[in-house]
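What follows is each chain in one-letter form.
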Amino acid sequence: MQLTVKTLLNFKEDYPLFISRDVRLTEKKDRRIEVKVDARCGSKGVCPDCGKKCPGYDQLPRREFIHVPIWGVAVVFLYRLRRLQCPSCGVVAEVVPWSTGKSPLTTSYAWYLSEWAKLLSMQEVARQFRSTWHHVFTSVEMAVAWGRERMDFTNITAIGVDEIHWSTKLGFMTLVYQIDNHCKRLLWCGEKRTEKTITDFFDWFGEARSLSLNFVCSDMWKPYLKLIAQRAKNALNILDRFHIAQKLSKAIDEVRAGETQSLVKRGMEVVLKHSRWCFLKNPENLTDKQKVKLKDLLACNLKTIRAYLLKEDFQNFWDYTSATWAGKFLDQWCTQVMRSKLEPMKKVAKTIRAHKQLILNWFEAKNEISLGAVEGQNNKAKVVIRKSYGFRTAKVLEISLYHKLGKLQVPELAHVYF
Ligand SMILES: [Zn+2]
């Protein structure tokens, strides 16, 4: 068979009621392939409201529908929509199988762009296909709406709540993940980090589903703890390892900053120079140079070093298998810290003591939730933000997060060209 653009089109897009007549490559500067589409002679149009086939009485002006490009050459469908006289709905413009509503893109092309936008940022997709950011965004928005309408809510037993700081002006976004071993994904996101935000989540999630949760992982923020206890009554609230590690890292940073200041006063600041990452990174992630630096630092009896060793010691907590022994370890660790005279560390120890039971709850969830599940999802969310060089509005960020982390379903159509 001789290959023409028409055969290729009929192979990919089969619309029995429509035919593509004239396919041409334009002569103008921006060369493109124009495909003139016509309704089959004598065929009726489909009413968008009731789906009935109705006779047409006139045609609207010609519209362009941008389709998937071939070898970097833009492809457009040209078609004049028919206006129909529907017996039940009145005068309406027909629906066509390659497009939904007012979008200037064909549905296939919208799915094609949105699938690419899972791998690249929206700016990159726009550049790659000589499209616009707006077209890519509306395609992603369509894909997200489609997928969220068809979300599967069965068997959600564990969720994790967390927030990311994404904009200096707009602040936080609260994210709720499913963290079951069989499925980890983003379930919901809401602007800011307030009691209302988390209330909105539980309202959206629904009472029955909230009551069938077994585990909710969160940080120690009071409104979270309160609302989780109220709304997910049957769930065990656990604290993520990562939130405690964050608090410890922050405390070390404060000790180090304080100590650097006092060393500067005494003309000895060189000791702690360039040491920040030695204390914050996990020992196995340090570069050789940083390892040497850390070894030198450990040889001095500095406050920062003592804080660092206390943080390292805390890591042992997660290796316990029995909650009783882990509890004893926690008590000892806190006592040691309270004697350390390191104020920022003492603050963390107090928080840990106050939430001891919540932290120990971890041992009941241990076999069902993996350690750092929330942290893993959160890191993915951060990558989305970093790769896109920031988002202008909360809505754009939300759509992008759902698209990349929501594990949303797609129709068959999404794979026709992808
Ligand atoms: Zn109708």
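Residues numbered from 1 in each chain as written. Predicted model: local features only at pLDDT ≥ 70, side-chain atom pairs only at ≥ 80, totals over all residues. Heavy atoms only, no water.

1. Comments concerning the packing of helix α8 (residues 241-265) against helix α13 (residues 343-354)
- It is at 8 Å that the axes of α8 and α13 come closest, and there the two elements cross at 160 degrees. With respect to α13, the element α8 is oriented roughly antiparallel. Across the interface between the two elements, I244, K247, L248, A251, I252, E254 and V255 from α8 touch P344, M345, V348, T351 and I352 from α13.
- Split by residue class, the contact of α8 with α13 holds nine nonpolar, one polar and two charged. (Axes fitted to C-alpha atoms, helices over the stretch in contact; angles between N-to-C directions. Helix = DSSP H or I, 4+ residues; strand = E, 2+ residues; numbered from the N terminus. Parallel < 35°, antiparallel > 145°, perpendicular 65-115°, else oblique. Contact = heavy atoms within 4.5 Å. Nonpolar A, V, L, I, M, F, W, Y, C, P; charged D, E, K, R; others polar.)

2. Looking at the coordination of the zinc ion
- Coordination of the zinc ion by the protein involves C47 (SG), C50 (SG), C86 (SG) and C89 (SG), with metal-donor separations of 2.2 to 2.3 Å.
- Read in sequence order, the donor residues for the zinc ion give the motif C-x2-C-x35-C-x2-C. Of this pair, C47 sits in the loop between β3 (45-46) and β4 (53-54) while C89 is found in the loop between β8 (82-86) and β9 (90-93), placing the two residues 42 residues apart along the sequence.
- Among the residues examined, C47 registers a relative accessible area of 1% and is labelled buried.
- Under the relative-accessibility criterion, C89 is labelled partly exposed at 30%. (Donors = N, O, S within 2.8 Å, 3.2 Å for Na, K, Ca; no water. Buried < 20%, exposed > 50% of the residue type's maximum accessible area, 1.4 Å probe, protein only.)

3. Digging into a nonpolar patch on the surface
- A cluster of nonpolar side chains, namely L3, L8 and F11, defines an oily patch on the protein surface of about 350 Å² accessible area.
- As for its position among the elements, L3 is in the segment before α1 (5-12).
- Residue L3 is classed as exposed on the basis of its relative accessible area of 63%. (Patch = residues over 30% accessible without salt bridge, like charges linked within 9 Å, V, L, I, M, F, W, Y side chains within 5 Å. Areas by Shrake-Rupley, 256 points an atom, 1.4 Å probe, with all protein chains shown as cover. Salt bridge = Lys/Arg side-chain N within 4 Å of Asp/Glu carboxyl O.)

4. Here's the deal with the nonpolar core
- Core analysis: the biggest nonpolar cluster contains 60 residues, and L175 and L401 have the highest contact counts within it.
- In terms of residue count, the dominant contributor to this core is helix α17 (residues 394-405) (seven residues).
- Counting residues domain by domain, this core receives three or more from each of domain 2 (105-150 + 407-418) and domain 3 (158-240 + 372-387).
- If we skip the residues at most four places from it in the chain, L401 touches I164, L175, L186, A381, V384 and G406.
- Residues I244, A307, W318 and A326 belong to the second largest nonpolar core, which totals 29 residues. (Core = buried A, V, L, I, M, F, W, Y, C linked by side-chain atoms within 4.5 Å. Domains from an automatic or database assignment.)

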